[in-house]
Amino acid sequence: MENSENLKPLSFEIETEEALKPLSFEFQNDLKEDFVPIAKTISNDIKNKESNFVFFFGTAESGKSVILSSMLYYLRSYAGVLRPKLGTPNSKEANVLLSDFFENIRLGVLPNRTTRDQVTRLDLVFEPNNKSKRVVPIDLTFLETSGENHNDIRRGGSYHSSIETFLNANIPLTFIIVTSYESAYKDDSLINEFLDELERKGKNLKSVNAILVVSKWDKSGRMDVESAEELDGFISDRLPMTAQRIDTYGLSKTYYTVGSVQNATGGERINLLNLSTAEVLSKWLYRSITGYDLDYEGTFWERLKFSFTN
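Given the structure is predicted, the values throughout are model-derived calculations rather than measurements. Residue indices begin from 1 for each chain and proceed along its sequence in written order. Selection of residues for local features in this predicted model requires a pLDDT of at least 70, selection of side-chain atom pairs for listing and counting requires 80 or more, and totals for whole chains, interfaces and linings are taken over all residues. Based on all heavy atoms of the structure, the side-chain values leave hydrogens and waters out of the count.

Draft legend 1. Local environment of helix H6 (residues 228–238). Only protein chains enter the area calculation, which uses a 1.4 Å probe; residues under 20% of their type maximum are buried, those over 50% are exposed, and those in between are partly exposed. Secondary structure elements follow DSSP: runs of H or I no shorter than four residues count as helices, runs of E no shorter than two count as strands, and numbering proceeds from the N terminus. Here H6 has its buried residues at Leu231, Phe234 and Ile235. With its buried residues spanning 95° around the axis, H6 presents them on a single face. Pointing more than 90 degrees away from the buried face of H6 are the exposed residues Glu229 and Asp237. In what follows, residue pairs with any heavy atoms lying within 4.5 Å of each other are defined as contacts. Check the buried side of H6 and you find it contacts helix H5 (184–200), strand E6 (209–215), helix H7 (240–249) and strand E7 (252–255). The directions from the helix axis to the C-beta atoms are what the arc is built from.

See below:
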């Protein structure tokens, strides 16, 4: 795992347990006045495990969906090709969510809040535009969950079964832990309860792939930090218990902003899109999975070949 000190600026288809209401019929007198209930099909098995799963943790309005949508927009618009993976359980909800992300972000529209008790799974293939053979395409499965669901684990509580399925599965998981500039001090205890929950599930935090992201940094009055010490100081002051976990286990940390956001009729809107932190977090994600930078310059022979072809 890479040291976060090197980092600068830097929310699918799981079947939900829905109670199916029996249809009402007019029965003839010679028929039994009862019905055969339809069995609920519940599967705890995750289809298509061969991917790199990315799980966002954060309370409501922490900025998870904004981070996800801007990361996806950066990857598709500047870093390569991002497309749905064929043969995976992308649901209609997932396709609608992905379409809304791309249509709305350039219009300055922030994502809607995620549905409670549901994991929306986005199965994608990312093909980098870097020509080096070391910078390979990867499968990415983003898991979008409601912030309200993360409050369920307070004081020894448990997650909804749709989320538990992923946390209990033997799959490669990257955790993006999100707290906002304005409410970080409220999240310190909950973040530690989440890390405790991961350890109870057998995930060694010394080897887990995770990063803490302080979102909405623009609320500080700046789009960036003056130095790494400024971010460290903020985390130590507002998230002292989390800071200890980060330092002890060598977890990564960064800040995030989607740009200039102003109040407008019906809510907030982006009036100046900033993708610099989306770039840094996307590059961290790729490097943490593959071991290579997205902008890796190639081997000596590749660089020599590129010099002749460019």
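Draft legend 2. The packing of aromatic side chains, seen in detail. The pairing test for Phe, Tyr and Trp rings, Trp by its six-membered ring, is centres within 6.5 Å, and the orientation test on the planes gives stacked under 30 degrees, edge-to-face over 60, and tilted for anything in between. Evaluated as defined, the whole model comprises 12 aromatic pairs. Pairing Phe53 with Phe166 gives two aromatic rings, centres 6.2 Å apart and planes at 50°, and the pair type is tilted. With a gap of 113 residues between them, Phe53 in strand E1 (residues 52–57) and Phe166 in helix H4 (residues 161–168) connect regions that are remote in the sequence. The residues Phe53 and Phe166 share a single accessibility class, namely buried.

Draft legend 3. Summary view of the sheet that holds strand E2 (residues 80–84). Pairing between two strands requires that DSSP report at least two bridges joining them. Strands sit in the order E2-E3-E4-E1-E5-E6-E7 across an open sheet of 7 strands; the sheet is mixed. Where the open sheet ends on each side, the last strands, each with one partner, are E2 and E7. Across the sheet, the axes of successive neighbouring strands diverge by a mean angle of 25°, strand direction being ignored. As defined by bridge partners, E1 adjoins strand E5 (residues 173–180) across 5 bridges and the pair is classed as parallel. Counted as the bridge partner of Phe55 is Phe175 from E5. Its contacts with the sheet put helix H1 (residues 64–79) on E1, E2, strand E3 (120–128), strand E4 (138–144), E5 and E6, and the angle it makes with E2 is roughly 120°. Lines fitted to C-alpha atoms define the axes, with helix axes restricted to the stretch in contact, and inter-axis angles between N-to-C directions lie between 0 and 180 degrees.

Draft legend 4. Focus on the pattern of salt bridges. One speaks of a salt bridge when a side-chain nitrogen belonging to Lys or Arg is within 4 Å of a carboxyl oxygen belonging to Asp or Glu. Counting across every chain of the model gives 16 salt bridges. For Glu199, the salt bridge goes to Arg245, with nearest N and O atoms at 4.0 Å. Here Arg245 lies in helix H7 and Glu199 lies in helix H5, a separation of 46 residues in the sequence. For Glu199, a relative accessible area of 34% corresponds to the partly exposed category. Exposure remark for Arg245: the relative accessible area of 13% places this residue in the buried category. One salt-bridge network, in which partners are shared between bridges, spans Glu164, Glu197, Arg200 and Lys201.

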